[in-house]
Amino acid sequence: MYGWIWRHLPGNAFVRALISLALVLGTVYVLFQYVFPWAEPLLPFNDVTVDGQ
(Lines give C-alpha, C1' and ligand atoms only; values in the text may rest on other atoms or scores of the structure.)
Protein backbone atom coordinates (compact mmCIF):
# COMPACT_ATOMS: atom_id res chain seq x y z
CA MET A 1 0.00 0.00 0.00
CA TYR A 2 2.74 2.47 0.91
CA GLY A 3 4.62 1.66 -2.26
CA TRP A 4 1.50 2.35 -4.29
CA ILE A 5 1.07 5.73 -2.60
CA TRP A 6 4.76 6.57 -3.10
CA ARG A 7 4.65 5.69 -6.79
CA HIS A 8 1.57 7.84 -7.41
CA LEU A 9 2.87 10.99 -5.71
CA PRO A 10 4.27 13.63 -8.07
CA GLY A 11 7.80 15.01 -7.98
CA ASN A 12 11.20 13.77 -6.94
CA ALA A 13 12.02 11.97 -3.68
CA PHE A 14 12.24 15.19 -1.64
CA VAL A 15 8.84 16.44 -2.83
CA ARG A 16 7.32 13.02 -2.28
CA ALA A 17 8.69 12.96 1.26
CA LEU A 18 7.15 16.38 1.98
CA ILE A 19 3.80 15.34 0.55
CA SER A 20 3.93 12.08 2.53
CA LEU A 21 4.67 14.02 5.72
CA ALA A 22 1.73 16.35 5.02
CA LEU A 23 -0.56 13.35 4.44
CA VAL A 24 0.53 11.70 7.69
CA LEU A 25 0.11 14.91 9.69
CA GLY A 26 -3.31 15.52 8.13
CA THR A 27 -4.42 11.99 8.96
CA VAL A 28 -3.25 12.32 12.57
CA TYR A 29 -5.02 15.68 12.88
CA VAL A 30 -8.32 14.28 11.59
CA LEU A 31 -8.06 11.28 13.90
CA PHE A 32 -7.40 13.35 17.03
CA GLN A 33 -9.89 16.12 16.24
CA TYR A 34 -12.84 14.15 14.92
CA VAL A 35 -12.57 10.35 15.04
CA PHE A 36 -11.21 9.75 18.56
CA PRO A 37 -13.60 12.20 20.29
CA TRP A 38 -16.52 10.60 18.45
CA ALA A 39 -15.44 7.05 19.39
CA GLU A 40 -14.45 7.77 23.01
CA PRO A 41 -17.96 7.41 24.52
CA LEU A 42 -18.34 4.07 22.73
CA LEU A 43 -15.20 2.56 24.30
CA PRO A 44 -15.40 0.79 27.68
CA PHE A 45 -12.45 2.55 29.40
CA ASN A 46 -14.56 3.85 32.29
CA ASP A 47 -16.45 0.60 32.90
CA VAL A 48 -14.48 -0.68 35.90
CA THR A 49 -15.61 -3.55 38.09
CA VAL A 50 -13.21 -3.15 41.04
CA ASP A 51 -14.80 -2.03 44.31
CA GLY A 52 -12.97 0.67 46.28
CA GLN A 53 -12.80 -1.08 49.68
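Please read all numbers here as calculations on a predicted model, not as lab measurements.

Peer 1: Sorry, what's going on with the overall build of the protein chain here?
Peer 2: Counting secondary structure elements, the protein chain contains 2 helices and 0 strands. Computed over the C-alpha atoms, the radius of gyration of the protein chain is 19 Å, more than 25% above the 10 Å expected from 2.2 N^0.38 for a compact globule of 53 residues. Seen through its C-alpha atoms, the protein chain measures out along the principal axes to roughly 65 × 20 × 15 Å. Accessible area of the protein chain: about 5100 Å², with a carbon and sulfur share of 70%.

Peer 1: Please explain the UniProt feature "transmembrane region" (unreviewed entry) in the protein chain as it appears in this structure.
Peer 2: Summarizing the sequence annotation, UniProt attributes the feature "transmembrane region" (unreviewed entry) to residues 12-36 in the numbering used throughout. Summarising residues 12-36: 96% helix, 0% strand, and an end-to-end C-alpha distance of 34 Å.

Peer 1: What am I meant to see in the environment of Gly3 here?
Peer 2: If you trace the backbone, Gly3 turns up in helix α1 (residues 2-8). It is 27 Å that separates the C-alpha atoms of Gly3 and Phe36, two residues lying 33 residues apart in sequence.

Peer 1: Just to check I follow, could you spell out a nonpolar patch on the surface for this structure?
Peer 2: A contiguous nonpolar patch, built from Val24, Val28, Tyr29, Val30, Leu31, Phe32, Tyr34, Val35 and Phe36 and spanning about 840 Å² of accessible area, is present on the exposed surface. Locating Val24 in the fold gives a position in helix α2 (residues 13-39).

Peer 1: I keep staring at α2 and nothing clicks. Help me out?
Peer 2: Two residues of an α-helix separated by three or four positions point the same way, owing to the 3.6 residues in each turn. The terminal C-alpha atoms of α2 lie 36 Å apart, and with 27 residues this matches the ideal 39 Å at 1.5 Å per residue to within 8%. Leu31 marks where α2 bends most, by close to 40°.

What counts, and where the lines are drawn
- Residues numbered from 1 in each chain as written.
- Predicted model: local features only at pLDDT ≥ 70, side-chain atom pairs only at ≥ 80, totals over all residues.
- Heavy atoms only, no water.
- Helix = DSSP H or I, 4+ residues; strand = E, 2+ residues; numbered from the N terminus.
- Rg over C-alpha atoms; globule rule 2.2 N^0.38 Å.
- Areas by Shrake-Rupley, 256 points an atom, 1.4 Å probe, with all protein chains shown as cover.
- UniProt positions renumbered as here; feature names shortened; annotations may be inferred.
- Patch = residues over 30% accessible without salt bridge, like charges linked within 9 Å, V, L, I, M, F, W, Y side chains within 5 Å.
- Salt bridge = Lys/Arg side-chain N within 4 Å of Asp/Glu carboxyl O.
- Expected span 1.5 Å × (residues − 1).
- Bend = angle between axes of the 7 residues up to and from the residue.

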